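One letter stands for each residue in the lines below.
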Amino acid sequence: MSSKPAAARLPAPTPLDAAIDTALDERRLVGAMVLVSHRGRELFRRAAGWADRERGKVMRDDALFRLASVTKPIVAAATLAMARRGVVDLDAPVTRWLPDFRPRLPDGSAPDITLRHLLSHQSGLGYRFLDATADGPHAQAGVSDGMDDSGITLAENLRRIARVPLQFVPGSAWFYSLGVDVAGGVLEAAAGRPLDEIVRETITGPFGMTDTAFHAADPMRLVTPYVSDTPEPHALAEGEVVPVYPDTAGIRYSLARALDARAFPSGGAGMVGTADDLMRFFEALRQGGAPVLDEAWVAQMASNETGDAGPPDAPGWGFSLGFSVLRDPALTGTPESPGTWRWGGAYGHSWFVDPARELTVVALTNTLYEGMDGAFVNELRDAAYATLQELA
């Protein structure tokens, strides 16, 4: 990719600075790295707060973050790259490559599941952290959500996932799931290579994402994660379980997993990376996907696959092959344009791409879950559009 254009001149402080400062001052965030690009030029860059509060380490531009579900669009793009090459088929049953992956409905039938179902979360699979209780069906099967220290292989995790009953007929509904982990297993089987090699060869290498991988090569750059709490966030402990939503089992977090090169590559949650790498990735997709994809494949990746049946907590949004897609801004009260892409990550991240406005925002924080779906997410979004208005 070409070298980074010079940043635009903005009056200081900007609305973006104000949103970040407010979240830090109110102790909703410990630290953040925020990048904003407009029309292919860097509009805003700021590393703020603490990378490690207790050790007095300030946040840096090159900080490494555990990406959690920000991994998903990366592996989804790798899947489309392999489909473009004819290595996989988005609409073929995944049993073509994983003959033993046959999860069943409660009636005992085993309907076909495709890569399209897996990437759009229409497969009928679920997530352990979304089970109603800690001893739910995924726990009983020993399934890993890709952020714990399970010590099992990807193949073993797929075997365990297949033991959990499907929640619905594939293609008939939407439910957030381990589908992208399964897609990673399909890629390994189809290509005959480990997922980390496939992702490096198809995505992170061509897009110049030199710091993004399935484990951290430089532990000193990894930020310390914190959990939203009062009067201020507390440091996340190894093995701590933190519910994402009320009345759910929650995620078991292993901080050590990001340093373990032997941990299986979780296509849905397992990567680490930097804000700059992610900006390169999302901007490359926004501009057509070269040299990995072309505009037609990016359009397919960003198309709404779910109709009106997208994420239930986000009215007006559908879901594509890797992230949510805005159908109707009026339903959700957002300044984003129709067709905007958006998602986040449980360690405290959010990002969005507004193709119509040529705007990309990457916000990596070290505070879960404020940085993923707390007030800061909408505050930063609104500040980004306010900044565009100031430049108009």
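This text goes with the structure placed above it.
Residues numbered from 1 in each chain as written. Predicted model: local features only at pLDDT ≥ 70, side-chain atom pairs only at ≥ 80, totals over all residues. Heavy atoms only, no water.

K.L.:
Sorry, what's going on with the overall build of the protein chain here?
P.N.:
Helix and strand counts for the protein chain stand at 12 helices and 15 strands. Against the globule reference of 21 Å for 392 residues, the protein chain gives a C-alpha radius of gyration of 20 Å, in line with a compact fold. Seen along its three principal axes, the alpha-carbon backbone of the protein chain occupies a region of about 60 × 45 × 40 Å. In the protein chain, which comprises 392 residues, the proportion classed as buried is 58%. (Helix = DSSP H or I, 4+ residues; strand = E, 2+ residues; numbered from the N terminus. Rg over C-alpha atoms; globule rule 2.2 N^0.38 Å. Buried < 20%, exposed > 50% of the residue type's maximum accessible area, 1.4 Å probe, protein only.)

K.L.:
Would you explain empty space enclosed by the protein in this entry?
P.N.:
One simple way to see leftover space: roll a probe sized like a water molecule over the atoms. If you walk through the whole model with that rule in mind, you get 4 cavities of 30 Å³ or more. By volume, the largest cavity amounts to about 90 Å³. Lining the largest cavity are Arg66, Ala68, Gly146, Met147, Ser254, Arg257, Ala258, Ala269, Gly270, Met271, Val272 and Tyr347. Across the lining of the largest cavity, the residue classes tally to 7 nonpolar, 3 polar and 2 charged. There is about 70 Å³ of room inside the second largest cavity. Considering the residues around the second largest cavity, the lining is formed by Pro93, Val94, Thr95, Phe101, Arg102, Pro103, Ala110, Pro111, Asp112 and Ile113. A class-by-class count of the residues in the lining of the second largest cavity yields 7 nonpolar, 1 polar and 2 charged. (1 Å grid on protein atoms, 1.4 Å probe; cavity = no way out; pocket = protein on both sides within 12 Å on 5 of 7 lines; lining within 4 Å. Points joined across faces, edges and corners; volume = space filled by probe spheres on them. Nonpolar A, V, L, I, M, F, W, Y, C, P; charged D, E, K, R; others polar.)

K.L.:
For this particular structure, what's the right way to read the sheet that holds strand E6 (residues 234-235)?
P.N.:
Neighbouring strands of a sheet are bound in pairs by backbone hydrogen bonds; such pairs are parallel or else antiparallel. Strand order across the open sheet formed by 3 strands is E6-E5-E15, with mixed pairing between neighbours. Pairing within the sheet leaves two strands with one partner each, and these edge strands are E6 and strand E15 (367-368). As judged from the 2 bridges shared by strand E5 (residues 226-227) and E6, these two strands associate in the antiparallel manner. Directly across from Val227, in E6, lies its bridge partner His234. (Pairing = 2+ DSSP bridges.)

K.L.:
Looking at this model, I keep getting lost on the environment of Phe281. Mind explaining?
P.N.:
Examined against the element boundaries, Phe281 turns out to sit in helix H8 (residues 275-286). Sequence-distant contacts of Phe281, that is, excluding residues within four places in its chain, are made with Pro73, Ile74, Ala77, Ile203, Phe207 and Met209. (Contact = heavy atoms within 4.5 Å.)

K.L.:
Quick question: what am I supposed to make of unusual backbone geometry here?
P.N.:
Trans peptide bonds make up the majority, and among non-glycine residues the majority have a negative phi. Note that the residue after Thr230, namely Pro231, is joined by a cis bond; omega there is 5°. Note that Pro231 resides in the loop between E5 and E6. With an omega dihedral of 5°, the bond running from Ala290 to Pro291 counts as a cis peptide bond. With respect to the helices and strands, the residue Pro291 is situated in the loop between H8 and helix H9 (295-301). Backbone geometry places Arg39, a non-glycine residue, at a positive phi of 55°. Residue placement: Arg39 occurs in the loop between strand E1 (31-38) and strand E2 (41-52).

K.L.:
I would appreciate a short explanation of the packing of helix H2 (residues 71-84) against H8 in the present structure.
P.N.:
When two helices pack together, their arrangement is given by the angle between the helix axes and the distance between those axes. At a minimum axis separation of 11 Å, H2 and H8 run at an interaxial angle of 45°. Considering their axes alone, H2 and H8 lie oblique with respect to each other. The hand of the H2/H8 crossing is left-handed. Every residue of H8 that contacts H2 at Pro73, Ile74 and Ala77 is listed here: Leu278, Phe281 and Phe282. (Axes fitted to C-alpha atoms, helices over the stretch in contact; angles between N-to-C directions. Parallel < 35°, antiparallel > 145°, perpendicular 65-115°, else oblique. Left-handed = near helix turned anticlockwise from the far one by under 90°.)

K.L.:
Before we go on, may I ask you to explain H8 in this structure?
P.N.:
Residue pairs three or four apart in sequence face the same way in an α-helix, which turns once every 3.6 residues. In this model, H8 (12 residues) spans 16 Å end to end at C-alpha, consistent with the 16 Å of a helix rising 1.5 Å per residue. Residue Gly288 follows H8 closely and has a positive phi angle near 115°. (Expected span 1.5 Å × (residues − 1).)

K.L.:
So what exactly am I meant to see when it comes to the side chain of Arg116 here?
P.N.:
One can find Arg116 in helix H3 (residues 115-119). Apart from the residues within four sequence positions on either side, Arg116 is in contact with Leu90, Asp91, Gln300, Glu305 and Leu321.

K.L.:
I'm lost on the packing of aromatic side chains in this one. Help?
P.N.:
We describe a pair of aromatic rings using the distance from one ring centre to the other and the angle between the two ring planes. Summed over the entire model, instances satisfying the criterion amount to 13 aromatic pairs. Plain terms: the ring middles of Tyr253 and Tyr347 are 5.0 Å apart, the flat faces sit at 65° to each other, and that makes the pair edge-to-face. Note that Tyr253 is positioned in the loop between strand E8 (251-252) and strand E9 (272-273) and Tyr347 in the loop between strand E12 (341-345) and strand E13 (349-354), a separation of 94 residues in sequence. Exposure remark for Tyr347: the relative accessible area of 5% places this residue in the buried category. Feature note: the residues Tyr127, Phe129, Trp174, Tyr176, Phe319 and Trp343 constitute an aromatic cluster, connected by ring pairs. (Phe/Tyr/Trp six-rings, centres within 6.5 Å; stacked < 30°, edge-to-face > 60°.)

K.L.:
Is there a simple way to explain the layout of surface pockets in this structure?
P.N.:
Its volume calculated, the largest pocket comes out at about 910 Å³. As for the largest pocket, its lining consists of 38 residues, and the residues nearest its centre are Tyr245, Asp313, Ala314, Trp343 and Asp373. Listed by contribution, the elements that provide at least two residues to the lining of the largest pocket are E12, helix H11 (370-373) and helix H12 (375-391). Considering each element in turn, the lining of the largest pocket owes the most residues, 4 residues, to E12. For the lining of the largest pocket, the per-class residue count stands at 22 nonpolar, 9 polar and 7 charged.

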